[in-house]
Structures are given as structure tokens and as C-alpha cells.
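The chain contents come next:
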Amino acid sequence: MSDNINPLANQSANHPADNIANNIASQQTELQSSATELTHGDIRDFVPSENCLDGKTILVTGAGDGIGRVAALTYARYGATVLLLGRTSSKLEYVYDEIESFGGKQPAMLPMNLEGATYAEMQKLENLIHREVGQLDGILHNAGMLGPLTPLEMYDVDMFAQVMKINFTATFMLTQALLPLLKDAPHGSIVFTSSSVGTHPRAFWGAYALSKQAVEGMSDIFTQETQNTTNLRFNCINPGGTRTNMRAHAYPGENPMSLKTPEDIMAGYVCLMSDESIGVRGQVVELQPKD
């Protein structure tokens, strides 16, 4: 047998899976080089074109309140079909009616309590979306729970588990369950919600800070694992201090009129769901950076 022939090495070099991975990586390089590189400032100041989300289906968790509600309405105004996920059906119905009132594409309501939802239920949701809608182009993970602001030494362990489940574990479970649909999208976008106390953990913010730190890590790992083999992109948004009920609970003495409204910060949310952000991956975008 010749010394210069390694049959196994030769088979590996020509394996169909290797060729597929190389083709995807090549396509990714071409897409990223052709897409305009966006800075975080570009994302914050993004000026959406009319119907820039036309043809996309976007799922929003926590869609009944605050930033989630406004994001769902905004996505619909720019042409997306919005899937409204939340635990309170009456709130989802209100958002549904708002979208229909301005002529947006018919949304869908997906009542789900993320705290108690099982992975099997999330897989059934994936099947439902596949069967009834046929596609999923993006997820905005907006649902969240603040929990008490108290030292970790005194943090109730059951409450800790509840906050981590809603803010982190359920977010992971839902992302994993919906990945088959997102991989089929031309440019699937997954946007997680973080916080300043996730990027820089702060005393007394307990499970909330830890859950947001975990979310940023999850986004980073998903990015590393998918960036060379899929068209998916994972990013985090830190909305900053915004006029929401959660903010009011965290800072009860703060004047809410001093804060931006959810409507004021929507440019970044639209940008990360639009094809303008195809080359943006693994980022934590602060929508209200401190000078």
C-alpha cells in the first residue's frame, strides 16, 4: 500500500456534510461582506423604511404589556405578521384588536404561562406555528419578571427559581423548541432582552441580574455555535430606563415622566428584526447608553 494515501482522510475531505458546511460558511461570508456594517449607534438611530418587515412572521413574548406590546404593534405597522405570546388572554386580545384597527396583518394569539410551560408544550407550539402559519422569521424574548431587590443571603429560593425560569430557562427552552422553524427562515433573528445589571451585575438585584447575565451568555454561545453553519443571528437588547410597570416597581420614587416611553426606543427593535441587520451577531445593544 502506498505511504502517501490515507483513505480515511480522503473520505473526510469529500464528505457531503463538509461540503454543505463549507457552502453555508461561504454564503455567510458573502452576506456579511455585502451587508452594511451597523454600529450600535446606527441601530439606535435606525430609520425604518415603509413595510421593511413585510413578509416576516415575528413572535413576541410578553406581548400584552409594556415594551412587548409596543414592539408587537410596531412590527405590525412595518408589515410583519405578529404572533402574540403572553399569559393573560385579555391583554393579548386588546393588542390583537389594536393591530386589526390600523389594518395590520392578522396576528395570532398564543396564550402561554412561561413559568409553568413544559418543553413538550413548546414543541407543540412549534408544530402549531408550522402548521397554521408556515414560517417564523424572528423572536423577541421580552417576557420577564423583576423579583425582589434584596441581598442574595436573604433571597427566597422559590422566588429565585421562579425568576430564573421566566427570565432565562423558559427563554432557552422556547428558543430551542422553535429553532427548526427559525433555521428554515432566510435570515432568522432572535433578540433577547437584557439589562444594565445583566452586563454589570449589581448588589441587591439578585435573580434578575443573574438571569440577565445568563441570557447574555446564552446569546453569545448560540452565536458561536451557529454563525458558520446557519443564517441565524442572536443579539441582546438593553432597553435602558423606560416608562414601564417593571421600572416603576424597581424605582418607586422615580418620576416616570423623566423616562423615555417604549415608543421612543423602537428603532433598535425594528432594526434587529429587519434585513438591514443581517451582519449583526452576538451583540448587546444598549438603546440608552450613559455618556
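These numbers come from a predicted model, not from an experiment.

What the protein contains, in helices and strands, is eleven helices and seven strands. Here the protein holds 291 residues, and the buried ones make up 45% of them. For the protein, the proportion of contacts with a sequence separation of at least 24, taken over those separated by at least 6, is 73%. Working note: accessible area of the protein is about 14700 Å², and carbon and sulfur atoms make up 50% of it.

Next up on the list: the confidence of the model for the protein. Chain-level pLDDT for the protein is 88 on average; 87% of the residues reach the 70-or-more range. The model gives residues 24-35 a pLDDT under 50, and that stretch makes 14 contacts with residues more than four places away or in other chains.

Our focus in this paragraph is helix α5 (residues 89-101). For α5, built from 13 residues, the straight-helix expectation of 18 Å at 1.5 Å per residue is met to within 8% by its first-to-last C-alpha distance of 18 Å. Listed in full, the buried residues belonging to α5 are L92, V95, Y96, E98 and I99. With its buried residues spanning 160 degrees around the axis, α5 presents them on a single face. Among the exposed residues of α5, those pointing more than 90 degrees away from its buried face are Y94 and S101. On its buried face, α5 sits against α4 (66-77), β2 (81-86) and β3 (108-111).

As a further point, take the sheet that holds strand β7 (residues 284-286). Taking strand neighbours across the sheet as the criterion, the seven strands line up as β3-β2-β1-β4-β5-β6-β7 in an open arrangement whose pairing is parallel. Two strands close off the open sheet at either side, each with one partner strand: β3 and β7. Strand-to-strand twist in this sheet, taken as the mean axis angle between neighbours without regard to direction, amounts to 20 degrees. This element, α5, spans β2 and β3 of the sheet and lies at about 170 degrees to β3. With respect to the sheet, helix α11 (residues 266-273) is in contact with β1 (57-61), β4 (138-141), β5 (189-193) and β6 (233-238), its orientation differing from that of β6 by roughly 175 degrees.

A few words on the pairing of β3. As paired strands, β2 and β3 are joined by four bridges and run parallel to one another. Each bridged residue has a counterpart across the sheet, and for L83 the counterpart in β3 is A108. In terms of handedness, the path from β2 via α5 over to β3 forms a crossover that is right-handed.

Counting buried residues in α11 gives eight out of eight residues, a clear majority hidden from the surface. Considered for burial, the residues of α11 that qualify are M266, A267, G268, Y269, V270, C271, L272 and M273. Its buried side turned inward, α11 meets α3 (40-44), β1, α4, β4, β5 and β6.

Attention now goes to the packing of aromatic side chains. Each aromatic ring pair is specified by the distance between its two centres and by the angle formed by the two planes. In total, this model carries four aromatic pairs according to the counting rule given. Taking 4.7 Å as the distance between ring centres and 5 degrees as the angle between the ring planes, the aromatic pair formed by F222 and F234 counts as stacked. In this pair, F222 is assigned in helix α9 (residues 206-226) and F234 in strand β6, connecting sequence segments twelve residues apart. As far as the burial class goes, F222 and F234 line up, both buried. Members of the aromatic cluster, connected to one another through ring pairs, are F192, F222 and F234. Cation over ring: R77 sits above F102, and NZ or CZ is 3.9 Å from the ring centre.

What counts as what
Residues numbered from 1 in each chain as written. Predicted model: local features only at pLDDT ≥ 70, side-chain atom pairs only at ≥ 80, totals over all residues. Heavy atoms only, no water. Helix = DSSP H or I, 4+ residues; strand = E, 2+ residues; numbered from the N terminus. Buried < 20%, exposed > 50% of the residue type's maximum accessible area, 1.4 Å probe, protein only. Contact = heavy atoms within 4.5 Å. Areas by Shrake-Rupley, 256 points an atom, 1.4 Å probe, with all protein chains shown as cover. pLDDT = per-residue confidence, 0-100. Expected span 1.5 Å × (residues − 1). Arc of directions from axis to C-beta. Pairing = 2+ DSSP bridges. Axes fitted to C-alpha atoms, helices over the stretch in contact; angles between N-to-C directions. Right-handed = clockwise from strand over helix to strand, strands pointing away. Phe/Tyr/Trp six-rings, centres within 6.5 Å; stacked < 30°, edge-to-face > 60°. Lys NZ or Arg CZ within 6 Å of the ring centre and 35° of its normal.

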